Amino acid sequence: MWISTRAQYGLRALIEIGRHHGESVSLRDVSRRQGISLHYLEQLVASLRRAGFVKSVRGAKGGYQLARAPQDITAYEVVVVMEGSIAPVACVEEDHECTSSSVCGTQDLWKRVDDALRDVLGSSTLRDLIQEAEVNEHGRLIQLA
C-alpha cells in the first residue's frame, strides 16, 4: 500500500490548520511550517475545501479554518478524498468482483490488510493527530532546551 504525498500532505495541512483552534491560518504559513510548496498546497486545499474539511475566511485576518470539528474528521475520510480507493489490491475493492477467488490463496490476506488499514485510519481522528503533533513538537522543544 502506497499513500501518495497528496494524502500525506493533505493530512499535514489539516493538522496545521486545526492546531490554530478556530483561528484562520494562511496557506503561506502552512506551507512554511510544513515544508510544502505553496502551489501544491493550494491544489490540495482546493480538494479539501470541496470535500467540506476546510473553509476559507476573507479579510485582513483571512485564511483557512476547519469546516468541521477535528473529532468529526477521520484520517480515513481524508485519505479517501485525496487518493480515491485505498484497497491494497483490486480484488478487495468494494465494487470489484474477483474472478480468481476460487483459485487465489491470497484474497483473504489482502482483505485482512484492507480491513486493518481501514480500521487504523477510521479510528484516527484529526483531533488525535493534532494532539500527537503537539506532544511531538513539545518533546522536540524540550530536547532542544
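Just so you know, these numbers come straight off a predicted model, no measurement behind them. (Residues numbered from 1 in each chain as written. Predicted model: local features only at pLDDT ≥ 70, side-chain atom pairs only at ≥ 80, totals over all residues. Heavy atoms only, no water.)

*Asks:* Can you break down unusual backbone geometry residue by residue, with the values?
*Replies:* Positive phi values are uncommon outside glycine, yet His21 reaches one of about 45°. Counting through the fold element by element, His21 comes out in the loop between helix 1 (5–18) and helix 2 (27–34). (Helix = DSSP H or I, 4+ residues; strand = E, 2+ residues; numbered from the N terminus.)

*Asks:* Quick one: what's the story with the nonpolar core, residue by residue and with numbers?
*Replies:* By size, the foremost hydrophobic cluster in this structure holds 29 residues, and its most contacted members are Leu14, Ile17, Leu41, Leu48, Val54, Val78 and Leu126. When residues of this core are traced back to their parent elements, those giving at least two are helix 1, helix 2, helix 3 (38–50), strand 2 (63–66), helix 4 (75–83) and helix 6 (126–144). Looking at this core, the element that brings in the most residues is helix 1, giving six residues. (Core = buried A, V, L, I, M, F, W, Y, C linked by side-chain atoms within 4.5 Å. Buried < 20%, exposed > 50% of the residue type's maximum accessible area, 1.4 Å probe, protein only.)

*Asks:* Describe the packing of aromatic side chains, listing the residues and the values that go with them.
*Replies:* Evaluated as defined, the whole model comprises one aromatic pair. Taken together, a centroid distance of 5.9 Å and an interplanar angle of 70° make the contact between Tyr9 and Tyr40 edge-to-face. Highlighted residues: Tyr9 in helix 1 and Tyr40 in helix 3, separated in sequence by 31 residues. Since its relative accessible area comes to 23%, Tyr40 is described here as partly exposed. (Phe/Tyr/Trp six-rings, centres within 6.5 Å; stacked < 30°, edge-to-face > 60°.)

*Asks:* Residue-level account of the pairing of strand 1 (residues 54–57), with values.
*Replies:* Across four bridges, the pairing between strand 1 and strand 2 is antiparallel. In the strand pairing of strand 2, Val54 is matched with Leu66. If you look at the hairpin formed by strand 1 and strand 2, you'll find five residues sitting between the two strands, and Gly59 has a positive phi there, around 115°. (Pairing = 2+ DSSP bridges.)

*Asks:* I'd like to hear about the confidence of the model for the protein, residue by residue, with values.
*Replies:* Per-residue confidence for the protein gives a mean pLDDT of 90; residues scoring 70 or more make up 92%. Across the protein, helix 3 holds the top mean pLDDT of 97, while helix 6 sits lowest at 82. (pLDDT = per-residue confidence, 0-100.)

*Asks:* Would you mind going over the side chain of Asp114 in detail, with residue names and values included?
*Replies:* If you trace the backbone, Asp114 turns up in helix 5 (residues 107–122). In this structure the side chain of Asp114 is engaged in a polar contact, spanning 2.9 Å, whose partner is the side chain of Arg118. With near-sequence residues (within four places) excluded, Asp114 lies in contact with Ile86, Ala87, Pro88 and Val92. (Polar contact = N/O pair within 3.5 Å; in protein donor to acceptor, adjacent residues only side chain to side chain. Contact = heavy atoms within 4.5 Å.)

*Asks:* Can you break down the pattern of salt bridges residue by residue, with the values?
*Replies:* Close approach of charged atoms allows side chains of opposite charge to pair. Under the definition given, this model contains six salt bridges. The residue Arg32 makes a salt bridge to Asp29 at a minimum N-O spacing of 3.0 Å. In this pair, Arg32 and Asp29 are both assigned in helix 2, three residues apart and thus about one turn of the helix distant. Residues Lys111 and Asp115 are paired through a salt bridge, measuring 2.9 Å at the closest nitrogen-oxygen approach. Residue Lys111 and its partner Asp115 are located together in helix 5, separated by four residues, close to a single helical turn. (Salt bridge = Lys/Arg side-chain N within 4 Å of Asp/Glu carboxyl O.)

*Asks:* Describe the packing of helix 1 against helix 4, listing the residues and the values that go with them.
*Replies:* For the pair helix 1 and helix 4, the least separation of the axes is 9 Å and the interaxial angle reads 135°. With respect to helix 4, the element helix 1 is oriented oblique. Between helix 1 and helix 4 the crossing geometry is right-handed. Seen from helix 1, the contacting residues are Arg6, Ala7, Gly10, Leu11 and Leu14; seen from helix 4, they are Ala75, Val78, Val79, Met82 and Glu83. Residues that form the contact of helix 1 with helix 4 fall into these classes: seven nonpolar, one polar and two charged. (Axes fitted to C-alpha atoms, helices over the stretch in contact; angles between N-to-C directions. Parallel < 35°, antiparallel > 145°, perpendicular 65-115°, else oblique. Left-handed = near helix turned anticlockwise from the far one by under 90°. Nonpolar A, V, L, I, M, F, W, Y, C, P; charged D, E, K, R; others polar.)

*Asks:* I'd like a description of the environment of Ala46, backed by residues and values.
*Replies:* By secondary structure assignment, the location of Ala46 is in helix 3. We classify Ala46 as partly exposed; its relative accessible area is 21%. The spacing of Ala46 and Ser56 is ten residues in sequence and 9.9 Å in space, taken between C-alpha atoms.

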